[in-house]
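Residue strings, one per chain:
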Amino acid sequence: MLRVLIAGSTGYLGKFVVREFKKRGYWVRALARNPKKLEQIGPFLEPAVRGQIDEIFVGEVAKPETLHGLCDGIDIVFSSIGITRQKDKLTYRDVDYQGNKNILDIALTKSVKKFIYVSVFNAHMFEYLEIVKAHEDFVRDLQDSGLEYAIIRPTGYFSDMSESLKMAKSGRVYMIGDGGNRINPIHGADLAAVCVDAVTGKEHEIPVGGPVIYSLKEIAELAFATFGKNPKITLIPPWLARLATRVIRPFNKQMSDLAEFFIAAGQGDGVAPAIGRHTLGSYYQELASRWLKEN
Ligand SMILES: NC(=O)c1ccc[n+]([C@@H]2O[C@H](COP(=O)([O-])OP(=O)(O)OC[C@H]3O[C@@H](n4cnc5c(N)ncnc54)[C@H](OP(=O)(O)O)[C@@H]3O)[C@@H](O)[C@H]2O)c1
């Protein structure tokens, strides 16, 4: 039985990855700094996974002293560690780069056979942004490490598409640009299958998106249709959105960087090779009924 370490196990993608590795018969060690999260369904409908984990390793990737023994007995390392909505004053460099590097350094001293890492689609176009540069600096270290590896390059996750649903619920969607650019976002469960396939796959670079291509305007319309509302969309010129990120920058650099990334990524098509079966329409239905139950 192969033994896998899953770093990022409490996140949107990580929870689906835990479930998928277990389903395929792996022994699973999950790195978590807040293990309680493993027992709960997440805010974007990611599953509770405590029952699918053989061993929890409590650690904080930015503190290497908490990671002793992390890769002992491990064959495969998977990492979707990164900052998305976290507000713990750490930077992309601290976590997306150095945190993953700390895991890699440990893996290299043990008998790990392959490291599977999640970066972003079309990263070469956005490396001037700190969030993407941190991911890609780690990718280069991984490529140079001599360890067998695979880099997963997904488009947007369904979790991020929930922002449009939230805005539609409150009556108006604000959209940067003219809404004409296209994307094929992907559900965590579909992406998790790709991540686990990468253990035996030969590709080093795996660009991937979901089964349906939507324009950003179509996504907003889908969000309104979920609540049976007529679309009300306000278009924001990209220059104005960029100005807003500059204004918030002195107060919250991480948030400003993330917003810059979404603005830049939204100004072109983000269509990757399609995989999976989950559609955004059914995800929106599921998420909206959960919100309605909670209120
Ligand atoms: N969202 C997208 O559309 C998208 C698209 C392409 C690529 N990506 C990349 O995919 C990766 C995963 O995304 P996601 O949406 O699954 O993110 P997520 O839900 O925020 O999960 C990130 C994981 O990293 C962990 N983490 C963060 N800082 C940590 C630290 N200092 N020590 C230990 N663990 C830490 C989180 O733990 P906690 O739960 O304790 O915070 C969580 O388990 C990210 O690197 C992201 O940049 C995302």
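Keep in mind that what you see is a predicted model, and the values were worked out from it rather than measured.

*Asks:* I would appreciate a short explanation of helix 6 (residues 216-226) in the present structure.
*Replies:* Each turn of an α-helix holds 3.6 residues, which means side chains three or four residues apart point in the same direction. Three or more residues of helix 6 are buried, namely Ile219, Ala220, Ala223, Phe224 and Thr226. One side of helix 6 carries all its buried residues, which in axial view fall inside an arc of 155°. Looking one or two residues beyond helix 6, the residue adopting positive phi is Gly228, at roughly 65°.

*Asks:* Help me understand the pairing of strand 1 (residues 3-7) in this model?
*Replies:* Counted residue by residue, strand 1 has four buried out of five residues, so it is predominantly covered. Taken together, the five bridges between strand 1 and strand 2 (residues 27-32) define a ladder with parallel strand orientation. Paired with Leu5 across the two strands is Arg29, which belongs to strand 2. As for the winding sense of the linkage, the β-α-β connection from strand 1 through helix 1 (residues 12-23) to strand 2 is right-handed.

*Asks:* Even after reading the chapter, I still don't get the pattern of salt bridges, so can you show me in this structure?
*Replies:* Opposite charge on two side chains allows them to pair when their charged atoms are near. Summed over the entire model, instances satisfying the criterion amount to 26 salt bridges. Two residues, Asp54 and Lys22, come together in a salt bridge whose shortest N-O distance is 2.8 Å. Highlighted residues: Asp54 in the loop between strand 2 and strand 3 (55-58) and Lys22 in helix 1, separated in sequence by 32 residues. Classification of Asp54 as partly exposed rests on a relative accessible area of 36%. Assessed through its relative accessible area of 24%, Lys22 is described here as partly exposed. A salt bridge links Glu260 to Arg246, with the shortest nitrogen-to-oxygen separation between them at 3.4 Å. Remark: Arg246 occurs in helix 7 (residues 238-248) and Glu260 occurs in helix 8 (residues 253-265); sequence separation between them is 14 residues. You can call Arg246 partly exposed: its relative accessible area is 49%. When salt bridges with common partners are traced through the structure, they connect Arg93, Glu127, Glu130, Lys133, Asp137 and Arg140 into a single cluster.

*Asks:* Any chance you could explain the nonpolar core here in plain terms?
*Replies:* Buried together is how nonpolar side chains tend to be arranged in soluble globular proteins. Among the nonpolar cores identified, the biggest contains 53 residues, and Phe21, Phe78 and Ile152 are the most heavily contacted of them. Excluding anything up to four places from it in sequence, Phe21 contacts Val4, Ile6, Tyr26, Val28, Phe78, Val196 and Val199. Among the nonpolar cores identified, the runner-up in size contains 39 residues, and Ile74, Tyr92, Val95 and Val132 belong to it.

*Asks:* What should I look at first to understand the site of the ligand in this one?
*Replies:* As a structural note, the neighbourhood of the ligand is formed by 26 residues, with Thr10, Lys37, Glu60, Thr84 and Asp160 the closest of them. Within the backbone of Gly8, an N or O atom sits 3.2 Å from an oxygen atom of the ligand. In this structure, Thr84 approaches the ligand through a side-chain N or O atom, which is 2.4 Å from an oxygen atom. Coverage of the ligand by the protein amounts to 93% of the 900 Å² it exposes when considered alone. A breakdown of the residues in the shell around the ligand according to their chemical character gives 10 nonpolar, 12 polar and four charged.

Rules used throughout
Residues numbered from 1 in each chain as written. Predicted model: local features only at pLDDT ≥ 70, side-chain atom pairs only at ≥ 80, totals over all residues. Heavy atoms only, no water. Buried < 20%, exposed > 50% of the residue type's maximum accessible area, 1.4 Å probe, protein only. Helix = DSSP H or I, 4+ residues; strand = E, 2+ residues; numbered from the N terminus. Arc of directions from axis to C-beta. Pairing = 2+ DSSP bridges. Right-handed = clockwise from strand over helix to strand, strands pointing away. Salt bridge = Lys/Arg side-chain N within 4 Å of Asp/Glu carboxyl O. Core = buried A, V, L, I, M, F, W, Y, C linked by side-chain atoms within 4.5 Å. Contact = heavy atoms within 4.5 Å. Near = heavy atom within 4 Å. Polar contact = N/O pair within 3.5 Å; in protein donor to acceptor, adjacent residues only side chain to side chain. Areas by Shrake-Rupley, 256 points an atom, 1.4 Å probe, with all protein chains shown as cover. Nonpolar A, V, L, I, M, F, W, Y, C, P; charged D, E, K, R; others polar.

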